[in-house]
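# Architecture and fold: a report
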Amino acid sequence: VKPSKITRLAANLASCRRILLVSHVDPDGDNIGSLVGFSRYLTSRGISATILLVDPVPEPFRFLLSGLKVMDPTRPGCRFRPVKIWDATLFLDAGEWYRMGRAEKFVREWGGRVIRLDHHEGGVKFSHHDVVDTAITCTAEILWELLEQGHCRLTRPLAEAMYVAFMTETGS
């Protein structure tokens, strides 16, 4: 990822007090690991982070969510409402609106700033800020770039999330 994109991303995130992180449909290890990693990164920077899950998290990855703010539509009473309490929405590991599943309408109605982080070919420009690099192996590499530039200290929970993202996306 170009250093200028990482610097701009860090500035964009630093301008926020509350960020919503949205999973994609059928979340995999890269998606969940990246969501959790970015949530922990944001929290370490004093930014409130809430993860919105659009589908259930596979059992092997559920431990990563411990201690985080999570909106889970599989729980009774959880509804998507376009509440304008977030400064930005972070959409990770997918390049099309429809990959937000049930959350798409919620995010569109909210109308706030959308930041898309991805490593997949294709996709459409639908966000206010795209950080897309098809040369990287997984979305968590974008977070790694932030860490390398000194924007955060690597903690065990953050390392575990990134490990899951790297290992599952690379087939290791």
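Before reading further, recall that the structure is shown in the block above.
Criteria and cut-off values
- Residues numbered from 1 in each chain as written.
- Predicted model: local features only at pLDDT ≥ 70, side-chain atom pairs only at ≥ 80, totals over all residues.
- Heavy atoms only, no water.
- Helix = DSSP H or I, 4+ residues; strand = E, 2+ residues; numbered from the N terminus.
- Buried < 20%, exposed > 50% of the residue type's maximum accessible area, 1.4 Å probe, protein only.
- Areas by Shrake-Rupley, 256 points an atom, 1.4 Å probe, with all protein chains shown as cover.
- Core = buried A, V, L, I, M, F, W, Y, C linked by side-chain atoms within 4.5 Å.
- Pairing = 2+ DSSP bridges.
- Axes fitted to C-alpha atoms, helices over the stretch in contact; angles between N-to-C directions.
- Contact = heavy atoms within 4.5 Å.
- Salt bridge = Lys/Arg side-chain N within 4 Å of Asp/Glu carboxyl O.
- Lys, Arg positive; Asp, Glu negative; His and termini not counted.
- Polar contact = N/O pair within 3.5 Å; in protein donor to acceptor, adjacent residues only side chain to side chain.
- Parallel < 35°, antiparallel > 145°, perpendicular 65-115°, else oblique.
- Nonpolar A, V, L, I, M, F, W, Y, C, P; charged D, E, K, R; others polar.

## A look at the overall build of the protein chain
Within the protein chain one finds five helices and six strands. In the protein chain, the order of α-helices and β-strands from amino to carboxyl end is α-β-α-β-β-β-α-β-β-α-α. Burial statistics for the protein chain: of 172 residues in total, 51% are counted as buried. Summed over all atoms, the accessible surface of the protein chain reaches about 8100 Å², with 52% contributed by carbon and sulfur.

## Considerations on the nonpolar core
Of all hydrophobic cores here, the largest spans 39 residues; its most connected members are L21, F38 and L90. If you list the elements that add at least two residues to this core, you get helix 1 (3-14), strand 1 (18-22), helix 2 (29-44), strand 2 (48-52), strand 4 (88-92), strand 5 (113-118), helix 4 (140-148) and helix 5 (156-169). Of all the elements, helix 2 adds the most residues to this core, at six residues. Residues V22, V54, W86 and V107 belong to the second largest nonpolar core, which totals 16 residues.

## Looking at the sheet that holds strand 1
Here six strands make up an open sheet; going across it, the order is 3-2-1-4-5-6 and the pairing parallel. This sheet does not close on itself; its edge strands, each paired only once, are strand 3 (69-71) and strand 6 (129-132). Sheet twist, expressed as the average angle between the axes of neighbouring strands with direction ignored, equals 20°. Relative to strand 3, strand 2 is paired through three bridges, and the arrangement is parallel. Looking across to strand 3, one finds that L52 is bridged to M71. Lying on the sheet, helix 1 is in contact with strand 1, strand 4, strand 5 and strand 6; it crosses strand 6 at an angle near 135°.

## A look at the pattern of salt bridges
Tallied over the entire structure, the rule returns four salt bridges. In this structure, the salt-bridge partner of R102 is D55, at a minimum N-O distance of 3.6 Å. In this pair, R102 is assigned in the loop between strand 4 and helix 3 (103-110) and D55 in the loop between strand 2 and strand 3, connecting sequence segments 47 residues apart. Residue R102 is classed as partly exposed on the basis of its relative accessible area of 45%. With its nearest N and O atoms 2.5 Å apart, the salt bridge here joins E59 to R62. Overall, E59 belongs to the exposed group, its relative accessible area being 54%.

## Observations concerning the side chain of D93
Its place among the elements puts D93 in the loop between strand 4 and helix 3. For the buried D93, no salt bridge is present, and the opposite-charge side chain at shortest range is R99, 6.0 Å distant. Engagement of the side chain of D93 in a polar contact is seen with the side chain of H24, the distance being 3.1 Å. Within the structure, the side chain of D93 is placed 3.2 Å from the side chain of T139, a separation counted as a polar contact. Excluding its chain neighbours within four sequence positions, the residues that come into contact with D93 are H24, D28, D30, N31, L117, D118, H119, H120 and T139.

## Details of the packing of helix 1 against helix 4
Between helix 1 and helix 4, the shortest axis-to-axis distance is 10 Å and the interhelical angle comes to 85°. With respect to each other, helix 1 and helix 4 are oriented roughly perpendicular. Counted together, I6, L9, A10 and L13 of helix 1 and I142, E145 and L146 of helix 4 form the full contact between these two elements. Class assignment for the residues of the contact of helix 1 with helix 4 results in six nonpolar, no polar and one charged.

## Points about the environment of S23
For S23, the position within the fold is in the loop between strand 1 and helix 2. S23 gets classed as buried once you look at its relative accessible area, which sits at 0%. Residues S23 and F91 lie 68 residues apart in sequence; the distance between their C-alpha atoms is 6.8 Å. Those residues in contact with S23 that sit more than four places away from it in its chain are N31, L35, L52, L53, V54, D55, F91, R99 and M100.

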